[in-house]
Amino acid sequence: MAEKKRLILNLFEMNCVSHITHGLWRLPDNNRERFNDIEYWTELAKLLESGGFDAVFLADVIGTYDVFRGGAGTSVREGLHIPNNDPSLVVPAMAAVTRHLGFGITFSTTYEPPFAWARRLSTLDHLTKGRVGWNIVTSYLPNAARNFGLDGEIDHDTRFEIADEYLDVLYKLWEGSWDDDAIVSDRENGTFADPEKIRPIDHDGKYFKVEGPQLPAPSRQRTPVLFTATASAAGTAFAGKHAELVFTGGPSADFVRTTIENVRAAAVAAGRKADDVRFVAIGAVIVGRTDDEAQAKLAAYERLTSVEGYLAHASLPFDPTAYPPETKIKDVADGDGGIGRWRAFDPEQSVGELLAGFSDIGRGPFFTVGTPEKVADAIESWLDDVGIDGINLLQYHSYDTARDFIELVVPVLRARGRLRASYDEDESLRDRIFGDGDRLPDRHFGARYRGGAHLPITERRAAPTGPTIPTDNSTARKRQR
Ligand SMILES: Cc1cc2nc3c(=O)[nH]c(=O)nc-3n(C[C@H](O)[C@H](O)[C@H](O)COP(=O)(O)O)c2cc1C
């Protein structure tokens, strides 16, 4: 019999009060307001590691949601992604109190230059001994664009084109700039690192110009595990070429199935194996010892959920609360159904119907409420029938959601062979997910730069003739300036 697919288990987090379950920060004993404290993160990390979680997935945005009601007022009142702190800076604290937990850090390719990010992420991969992943996003908030000196957002497909070159620069820095044996640490001869084994990248592209070399030495994974979340054509091609773990969303299980199929096809088209990409969905789980206990939790969450938070998060360009409930959407909005950031609406729908579905506490198609066995059944069905590989567990309450899952669901999943009983010692995040070593597979695009292959300096050295061929690194470097 084929071995059962093991669940990739991540916690969905964000360095703010109201990430994606708006209004629930008010629940008794919810720790969300403690996100400024380092202890919030260290306690959380220890809890997750005690339950065998693979990683904590840290979402991020770099602007405010200021479309709904024409300003950021609702977002500020709701604590909706503002205040919000940098996700990467809590990682060393969590890494210091754990040995196995991985970290998926969201960072945008649109505004900050690749050289700085390559350095930061390598540093984190060193400090965590290879437990870092990067959730690649291109950012979607107009305010983010204005925060970084632009008048408005760069159009969607151009953002993906920029992201593609951004990744190219990073692969050159992470994979090509240093050889594995560059550090010799020879005390007798006073040589720490061998200059022959470190090279500039001399990237000169449409969007970026980067000389290099990369400043940090190669970290355990070199390239961190590459995550992304997407559904568009440009995003799917991008994910097929680059992503190792795709975070999927969408309205239905069928939508998720189609996304999985499309991204796997794009991966194969990019010379990879279909199975080189794994898929993770939001796991919205409310579990109790009995059905009644789970339903009571759901009712408590529903009482506090904030429709306004969801409306602002969706960047609705009109306010459905300002109209009588029977008003048709076509009579209040632009009428074309293309409303807000997340969904297209039926113009014939009434605002009342729209609002009724808006405080969607499940946040997507994978929503299960009940006993540990019922939750485990739902997870198994998503693994086997929908084809996902894991979940980012949605938090209703911090830390009760994770604690309940660990106490009630993890033992059932372990008994069913869906989770391991313990971590393997000394695993990198990539090795844990794919079981094939710490580094990118050879067939991944990023691997082409290994040993300096495909870099200008290597190609000049390899050229058979010609008067301008430099003979060593130092000559080559002088020529760059
Ligand atoms: C489940 C999920 C989580 C996401 N998390 C973030 C995030 O934390 N930060 C961000 O800027 N974008 C986030 N996004 C948005 C994506 O990066 C992307 O902009 C969006 O899915 C649209 O891409 P597409 O046009 O290729 O579908 C998320 C998307 C999904 C589906």
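Everything below is about the structure shown above.
As the structure is a computational prediction, the values presented were derived from the model and not from experiment.

Thresholds, definitions, all that
- All chains use their own residue numbering, which begins from 1 and follows the written sequence.
- Note on the predicted model: pLDDT of at least 70 is required for a residue's local features to be given, and 80 or more for side-chain atom pairs to be given and counted; whole-chain, interface and lining totals, by contrast, use all residues.
- For the side-chain quantities, the full set of heavy atoms in the structure was used; hydrogens and water were omitted.
- The distinction between a cavity and a pocket rests on a 1 Å grid over the protein atoms alone: a 1.4 Å probe fits inside a cavity but cannot get out, while a pocket stays open yet meets protein on both sides within 12 Å along at least five of seven lines, and a residue with an atom within 4 Å of a point counts as lining.
- Grid points are joined across faces, edges and corners, and a volume is the space filled by probe spheres set on the points.
- Just so you know the grouping, Ala, Val, Leu, Ile, Met, Phe, Trp, Tyr, Cys and Pro go in nonpolar, Asp, Glu, Lys and Arg go in charged, and all remaining residues, Gly too, go in polar.
- Counting from the N terminus, the helices are DSSP H or I runs at least four residues long and the strands are E runs at least two residues long.
- Given a helix with a known number of residues, its expected span is that number minus one, times 1.5 Å.
- Burial status follows relative accessibility: with a 1.4 Å probe on protein chains alone, a residue under 20% of its type maximum counts as buried, one over 50% as exposed, and anything between as partly exposed.
- Think of the arc as the fan of directions from the helix axis to the C-beta atoms.
- In what follows, residue pairs with any heavy atoms lying within 4.5 Å of each other are defined as contacts.
- Think of it this way: one heavy atom of a residue within 4 Å of a molecule or strand is enough to make that residue near it.
- Definition of a polar contact: a pair of N or O atoms within 3.5 Å, with one able to donate and the other able to accept a hydrogen when the atoms are protein atoms, and with sequence-neighbouring residues admitted only if both atoms are side-chain atoms.
- A 1.4 Å probe and the Shrake-Rupley method give the accessible areas. Residues count as covered only by the protein chains that appear here.

Enquirer: Tell me about empty space enclosed by the protein, and name the residues and values.
Expert: Under the defined criterion, the tally for this structure stands at four cavities of 30 Å³ or more. Taken as a whole, the largest cavity holds about 100 Å³ of empty space. As for the largest cavity, its lining consists of 15 residues, and the residues nearest its centre are H19, I20, T21, R32 and Q395. Here the lining of the largest cavity is built from residues that sort into eight nonpolar, five polar and two charged.

Enquirer: Let's hear about helix α8 (residues 253-269): which residues, and what values?
Expert: Look at α8: 24 Å from first C-alpha to last across 17 residues, which is about the 24 Å you get at 1.5 Å a residue. Considered for burial, the residues of α8 that qualify are V256, T259, I260, V263, R264, A266 and A267. All buried residues of α8 lie within an arc of 160° about the axis, which places them on one face of the element. Opposite the buried face of α8, by more than 90 degrees, sit the exposed residues D254, E261 and A269. As for α8, its buried residues are in contact with α7 (233-242), β10 (245-248), β11 (278-287) and α12 (372-386). Following α8 by one or two positions, G271 adopts a phi angle in the positive range, close to 85°.

Enquirer: Tell me about the environment of V277, and please be specific about residues and values.
Expert: In this fold, V277 is placed in the loop between α8 and β11. Using a relative accessible area of 0% as the deciding quantity, one classes V277 as buried. In sequence terms V277 and L429 are 152 residues apart; their C-alpha atoms lie 14 Å from each other.

Enquirer: Give me the lowdown on the layout of surface pockets, citing residues and values where you can.
Expert: Here the second largest pocket defines a volume of roughly 250 Å³. Around the second largest pocket, the lining residues are K4, K5, R6, I8, R264, D275, R278, D389, D431, R432, I433 and G435. Among the elements that make up the lining of the second largest pocket, the one with the highest residue count is helix α14 (residues 429-434) (three residues).

Enquirer: For the site of the ligand, give the residues involved together with the corresponding values.
Expert: Not every one of the 13 residues close to the ligand is listed here, only the nearest: D60, H156, T230, A231 and S232. Take H156: an N or O atom from its side chain is 2.6 Å from an oxygen atom of the ligand. In the complex, 84% of the free accessible area of the ligand, which totals 610 Å², lies under the protein chains.

Enquirer: Give me the side chain of T98: which residues, what numbers.
Expert: Assignment of secondary structure puts T98 in the loop between α3 (91-96) and β3 (102-108). Using a relative accessible area of 5% as the deciding quantity, one classes T98 as buried. A polar contact is formed between the side chain of T98 and the backbone oxygen of M94, at a distance of 2.7 Å. Only 2.9 Å separates the side chain of T98 from the side chain of R131, close enough to count as a polar contact.

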